[in-house]
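Chain and residue survey
Chain by chain, the residues run as shown.
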Amino acid sequence: MIYQRSSQLFIEAEKVIPGGVNSPVRAFKGVGGTPIFAKSAKGAYVYDEDDNRYIDYINSWGPMILGHAYQPVVDAVIERAKNGTSFGMPTELETKIAALAISMVPNIDKIRFVNSGTEACMSAIRLARGFTKRDKIIKFAGCYHGHSDSFLIQAGSGASTFGIPNSPGVTQGTAKDTLLAHYNDLESVKALFEANKNEIAAIIIEPVAGNMGCIPPKDGFLQSLRQLCDEYNSLLIFDEVMTGFRLAKGGVQELYNVNADIVCFGKVIGGGLPVGAFAARNEIMNYLAPIGPVYQAGTLSGNPLAMAAGLAMLEALNTDDEVFERLDAKTAYLENGIREALQKHQVIFTINRVGSMISVHFDANPVVDFQTAKNGDNETFKKFFHGLLKEGVYIAPSAYETWFITDALSFEDLDYTINAVGKVAKSL
């Protein structure tokens, strides 16, 4: 692979953009080297500025579930753009996609569209606090809910300790209202409820974690969180920015048969354009302005281009009764192939998978939370990443990110990927 053009573009970008990127993980800080600059993409492939082709397992961090430049989405955006790109007024499109989303997802009555997953989670927390009239929230170490101040918190010295900010600019006053629990550890959650009785507005969780690699919930964990929230009159918020409309039509609520009080969406719901959303039953959503006291607004919320893209994507997923079965089958095929390739060369690893989300951890022990995810051999991951990149396979440039599978992948693509893993495994 030749990266001459990408390398020059990165030098130019660093002069005018902090770190040369507009989102930190793109800078390859976790793996070393110079990031590649994308020029175009189609189906399962992305092409860089040096005209190298890669089989793409990032897929814009999830939304390209049916492939890049998916024609119905492209056509919808083009036709919509001809009539104007933004109005700051309501459009019929917003009602159409809202009605479709509500019909696909269990346990929601109304939905509010915003511009990103970060904004959706931030708004969901504000709504939960307004509805319960409580200030504190519980989040889980390793779960990422965007860069809103309330979420940039790391664990303290004990299960009942207030969080402390792990980014400059986040105040202690904000941090004290965020309590840290451990993913898949119910006792850590119980201890926080006991230590903060009648103060916790909500639990927010990635019900299938994707920001410490793919980590599924243990059997009964989500159900137990639901019971705790009922017991303490707190709300349960599912951050389904990654999992919504990807793991099932109705997301994790459908997959695991657990009802959340508020659900956050992003990624797939925008069809590749910047969209987020949060949804809940009527009594909660009616607390939002203009009919309720909790204020939330956005000039570009419900942007017609984004709504057109999202509607085209959801319609495609809603009318294809086999798409999620295909995605699961392709990802299972990939998982089995990678497992055999790594075992053949005696590489120490663990693979986690739920549906079309999958991650490889270079550690022999089960990866069930952030702490166990951090035990992985990061030096091995760096070699793995760059080895696959040279073979034309693009995975996330971080050991703490899930791979996202697209239905555009052929079994020939999967076989190529598995063979590439085998080649790289020889040098690990």
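Here is a short report on the structure shown in this document. Everything quoted here is computed from the prediction, not taken from an experiment.

About the criteria used
Residues numbered from 1 in each chain as written. Predicted model: local features only at pLDDT ≥ 70, side-chain atom pairs only at ≥ 80, totals over all residues. Heavy atoms only, no water. Pairing = 2+ DSSP bridges. Helix = DSSP H or I, 4+ residues; strand = E, 2+ residues; numbered from the N terminus. Axes fitted to C-alpha atoms, helices over the stretch in contact; angles between N-to-C directions. Salt bridge = Lys/Arg side-chain N within 4 Å of Asp/Glu carboxyl O. Buried < 20%, exposed > 50% of the residue type's maximum accessible area, 1.4 Å probe, protein only. Contact = heavy atoms within 4.5 Å. 1 Å grid on protein atoms, 1.4 Å probe; cavity = no way out; pocket = protein on both sides within 12 Å on 5 of 7 lines; lining within 4 Å. Points joined across faces, edges and corners; volume = space filled by probe spheres on them. Core = buried A, V, L, I, M, F, W, Y, C linked by side-chain atoms within 4.5 Å.

Details of the sheet that holds strand β12 (residues 276-280)
The mixed open sheet is built from 7 strands, whose spatial order is β4-β12-β11-β10-β9-β5-β8. If you trace the sheet from one side to the other, it starts and ends with β4 (110-114) and β8 (178-181), each paired once. When the angles between neighbouring strand axes are averaged without regard to direction, this sheet yields 20°.

Some remarks on the pattern of salt bridges
Under the criterion given, the structure shown has 19 salt bridges. Taking the shortest distance from any N to any O, the salt bridge between D177 and K176 comes out at 3.4 Å. Put simply, D407 and K330 hold a salt bridge, and the shortest N to O gap is 3.3 Å. With D407 in the loop between β16 (403-404) and α14 (411-425) and K330 in helix α11 (residues 323-344), this pair connects stretches of sequence that are 77 residues apart. What makes D407 buried here is its relative accessible area of 15%. Because the salt bridges share partners, they merge into one network encompassing R226, D230, D261, R281 and E283.

Regarding unusual backbone geometry
In this chain, A289 is followed by P290 through a cis amide linkage whose omega measures 15°. Tracing the chain through its elements places P290 in the loop between α9 (282-285) and α10 (304-319). Even without a glycine there, the phi angle at N184 is positive, about 70°. Mapped onto the fold, N184 is located in the loop between β8 and α6 (186-195). Judged by relative accessible area, N184 falls into the buried class, the value being 9%. Even without a glycine there, the phi angle at K267 is positive, about 50°. With respect to the helices and strands, K267 occurs in the loop between β11 (262-265) and β12.

What about the environment of V208?
Along the polypeptide, V208 turns up in the loop between β9 (200-205) and α7 (221-231). Every residue in contact with V208, bar those within four places of it in the chain, is listed here: Y183, C214, I215, P216, P217, T243, L247, V252, Y256, V354 and M357.

Some points on the layout of surface pockets
For the second largest pocket, the calculated volume is near 450 Å³. The wall of the second largest pocket is formed by 21 residues, among which E94, R112, F113, S301 and G302 lie closest to the centre. Put simply, the parts of the chain that give the lining of the second largest pocket at least two residues each are α3 (92-104) and β4.

As for the nonpolar core
Counting 112 residues, the largest nonpolar core has Y57, F140, I205, L225, F245 and L317 as its most contacted members. Broken down by element, the residue count for this core peaks at 11 residues, all from α10. Once residues within four sequence positions are removed from consideration, Y57 is found in contact with L334, V393, Y394, I395, W403, F404, I405, L409, D413, L414 and T417. V114, I125, A128 and V294 belong to the second largest nonpolar core, which has 24 residues in total.

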